[in-house]
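Listed below, chain by chain, are the residues.
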Amino acid sequence: MEGLKLQTLPFNEMNIAKLKSMDYNNYPIVYILHDNKKKKSAYIGQTVQMRNRMKAHLKDEKKKGLDSVLLIAHEMFNQSATYNIETNLINYFIADNKYILKNVSQTTKAVTHNYYDKYKYDDEIFSELWERLRADELADNTLEYLQNKDVFKLSPYKELSESQVELKEEILDFCKLQINSGKQSVFLVKGDAGTGKSVVLSSTFNAIQDLSKDEDSPLKGTNNYLLVNHNEMIKTYESISESLPNLKKKNFMKPTSFINQVDKTGEVADITFVDEAHLLLSRSDKYNSYSGENQLRDISLRSKVTIVVFDERQFLKLKSHWSSNLLEEMTNGAETKTYELTDQFRIQADQEVVDWIDAFVDKKVKSFPKATGDYELKFFDSALEMFEAIQEKDEEHQLSRVVATFDYEHKKDGDEYYVEEPGFKGVWNRTHYKETWAEHPETVREVGSIYTIQGFDLNYVGVILGPSVSYDEEKQELKLLPQKYKDKEAFRTSSETKVQYNVEEMKEQIILNSINVLMKRGVKGLYLYASDEKLQAVLKEKCQGGKENG
């Protein structure tokens, strides 16, 4: 056997019996069981005991209807390589959305690890394999296209880091222990933007749903939900559910809809996951048809076990302001556990870059890092030049977009609104797309907002810091001007609700939180433009003081 070898056989007893005399038996191999029905199904696996494994699949009721098997072999395959290729195939098949997969969760110990020549398997062998699958019409889209889809980035089968696997195991153990305890139970996951919170949540929720169908699991028959108060992320989770057997669209809801549903049916949920919990409401809000005072508490009271993912630096509205007192109120009397993720997974840059962004969000404008590795940190004194540079990056790397702080007029009346800066005018904050904003090719000619991009990755992000972000030359720090911030909903107060915080301070914090989220979208680079002349001057100075950025 030389190089990559693919062979398709009818999936039946006669052909499986022939495997004994072929190269494949007792050799690490990857395989795809599939059918050719209108609504196609597939199962992806790897084994060193091909004949025995196929016999087991033939007896499996869940594999009935799969009538073909594609065998994938290579003389360089070892078990680390075949496991890695199996995982990659599952992730890309989910993103490609041509087949409904019959795979259920892999072991929680599926931790990311290196092995000899891993780059060769990932880059060369897998790329060749995928193109041959496309030629055989088992796959449709290119790897590059799929890599930039949010469905791919949030796939439940993504390999996890050691700390992410540890968190997943702790959540699963917590759920199994507490599900029949009769006591309200809350597991709180904390972490900054880019620490991989949603990836762990996606993986763990899929595992919970698989266990709900497992006769031998204490979670058998549980009724579970994943909630997120973010339209773009709901779209992504629903897309993932189209490719996996135990995820259903009905399991993904917005918080108010979930609360109202439970109140209507009287059926308490078993396990409820809450992603981006910092976006939940901490007071009543007629606009969202919510009459309570604490959505997190109301969700936890309607669930036996609640898993909450939270980042206090990402709340963006006064009505979503969360304090330690409110969190304590939610967990008062409950069995509680907390886990914090700290590793940065999104920004592929030296720690100096992350530290520079964190300092900026803390109002300190430092000199640009002298060395940023392969990551690009650039300042532009022209919004148009930055916009054109991002378009060039999009042509080269895809998924590169310009976003802005919410300093530009926008109404939900169907009209077009614009970000206008000297020499530049860009369509602003379109929200009518069915899929996530950044995945539409035409949005490279638009400017996105915090609401179109929060929770998602870009390859390169260009951030327009609008008029609300200025600079105090005397204090030598950022100066926030909330009166210039155009997100009226963010600052809307309620005469009926007493608050335990300084409203003006919280308005400034909301602007800083939005800057934090926007600046941490780019995996490969961050480009900056400042509308305010004072901030523009100091950024230019700090840029030149660190390195030449063009």
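These figures come from a predicted structure and were not determined experimentally.

A. Geometry of a negative patch on the surface. Residues Glu385, Glu388, Glu392, Glu395 and Glu396 make up a contiguous surface patch of negative charge. We classify Glu388 as partly exposed; its relative accessible area is 40%.

B. Molecular detail of the packing of aromatic side chains. Counted according to the given criterion, the structure contains 20 aromatic pairs. Arranged with centres 5.6 Å apart and planes meeting at 25°, the rings of Trp356 and Phe360 form a pair that is stacked. Highlighted residues: Trp356 and Phe360, both in helix α13 (residues 351-361), separated by four residues, approximately one helical turn. Taken as a pair, Trp356 and Phe360 share a single burial class, namely buried.

C. Here's a closer look at helix α10 (residues 255-265). Pro255, Thr256, Phe258, Ile259 and Val262 are the residues of α10 that are buried. One side of α10 carries all its buried residues, which in axial view fall inside an arc of 160°. Structural note: α10 exposes Lys264 and Thr265 on the side pointing more than 90 degrees away from its buried face. On the buried face of α10, the contacting elements are β7 (224-228), β8 (252-253), β9 (269-275), α11 (295-301) and β10 (303-310).

D. The pairing of strand β19 (residues 477-480), seen in detail. Two elements, strand β18 (residues 469-472) and β19, share four bridges in a ladder whose sense is antiparallel. If you follow Asp472 over to β19, its bridge partner there is Glu477.

E. Looking closely at the pattern of salt bridges. The final tally for this structure, using the stated rule, is 25 salt bridges. Across the salt bridge formed by Lys378 and Glu376, the nearest N and O atoms sit 3.4 Å from each other. According to the relative accessible area criterion, Glu376 is buried, its value standing at 17%. One salt bridge connects Lys540 with Asp381, and the closest N-O pair in it is separated by 3.2 Å. Linking Lys540 in helix α18 (residues 533-546) with Asp381 in the loop between β12 (376-379) and α14 (383-397), this pair joins segments that are 159 residues apart in sequence. In this structure Asp381 comes out as partly exposed when scored by relative accessible area, which is 38%.

F. Just the sheet that holds strand β13 (residues 400-404), in detail. Strand order in the open sheet made by the seven strands is β12-β20-β17-β13-β16-β15-β14, with mixed pairing throughout. Where the open sheet ends on each side, the last strands, each with one partner, are β12 and β14 (418-421). Neighbour-to-neighbour, the strand axes of the sheet open up by a mean angle of 30°, direction not taken into account. As paired elements, β13 and strand β16 (residues 446-448) share two bridges and run parallel to each other. Residue pairing across strands places Val402 opposite Val447, the latter belonging to β16. In this fold α14 packs onto β12, β13, β14, β15 (424-428), β16, β17 (458-465) and β20 (522-530), with an angle of close to 170° to the strand it touches most, β17. Sitting on the sheet, helix α17 (residues 503-519) is in contact with β13, β17 and β20, with an inclination near 150° to β17.

G. Spatial organisation of the nonpolar core. With 68 residues, the main nonpolar core has Ile72, Leu89, Trp130, Leu133 and Ile307 as its most contacted residues. Of the residues forming this core, the biggest block, eight residues, is contributed by helix α3 (residues 79-96). Setting aside residues up to four positions removed in sequence, Trp130 forms contacts with Leu89, Tyr92, Phe93, Asp96, Ala139, Asn141, Thr142, Leu143 and Leu146. Phe424, Val447, Leu539 and Cys543 belong to the second-largest nonpolar core, a separate cluster that totals 63 residues.

H. Highlighting the confidence of the model for the protein chain. With 91% of its residues at a pLDDT of 70 or more, the protein chain shows a mean pLDDT of 88. Of all secondary-structure elements in the protein chain, the lowest mean pLDDT belongs to helix α12 (residues 324-331), at 70, while β18 reaches the highest, 98.

Cut-offs used in this document
- Residues numbered from 1 in each chain as written.
- Predicted model: local features only at pLDDT ≥ 70, side-chain atom pairs only at ≥ 80, totals over all residues.
- Heavy atoms only, no water.
- Patch = residues over 30% accessible without salt bridge, like charges linked within 9 Å, V, L, I, M, F, W, Y side chains within 5 Å.
- Areas by Shrake-Rupley, 256 points an atom, 1.4 Å probe, with all protein chains shown as cover.
- Salt bridge = Lys/Arg side-chain N within 4 Å of Asp/Glu carboxyl O.
- Lys, Arg positive; Asp, Glu negative; His and termini not counted.
- Charge placed at Lys NZ, Arg CZ, Asp CG, Glu CD.
- Buried < 20%, exposed > 50% of the residue type's maximum accessible area, 1.4 Å probe, protein only.
- Phe/Tyr/Trp six-rings, centres within 6.5 Å; stacked < 30°, edge-to-face > 60°.
- Helix = DSSP H or I, 4+ residues; strand = E, 2+ residues; numbered from the N terminus.
- Arc of directions from axis to C-beta.
- Contact = heavy atoms within 4.5 Å.
- Pairing = 2+ DSSP bridges.
- Axes fitted to C-alpha atoms, helices over the stretch in contact; angles between N-to-C directions.
- Core = buried A, V, L, I, M, F, W, Y, C linked by side-chain atoms within 4.5 Å.
- pLDDT = per-residue confidence, 0-100.

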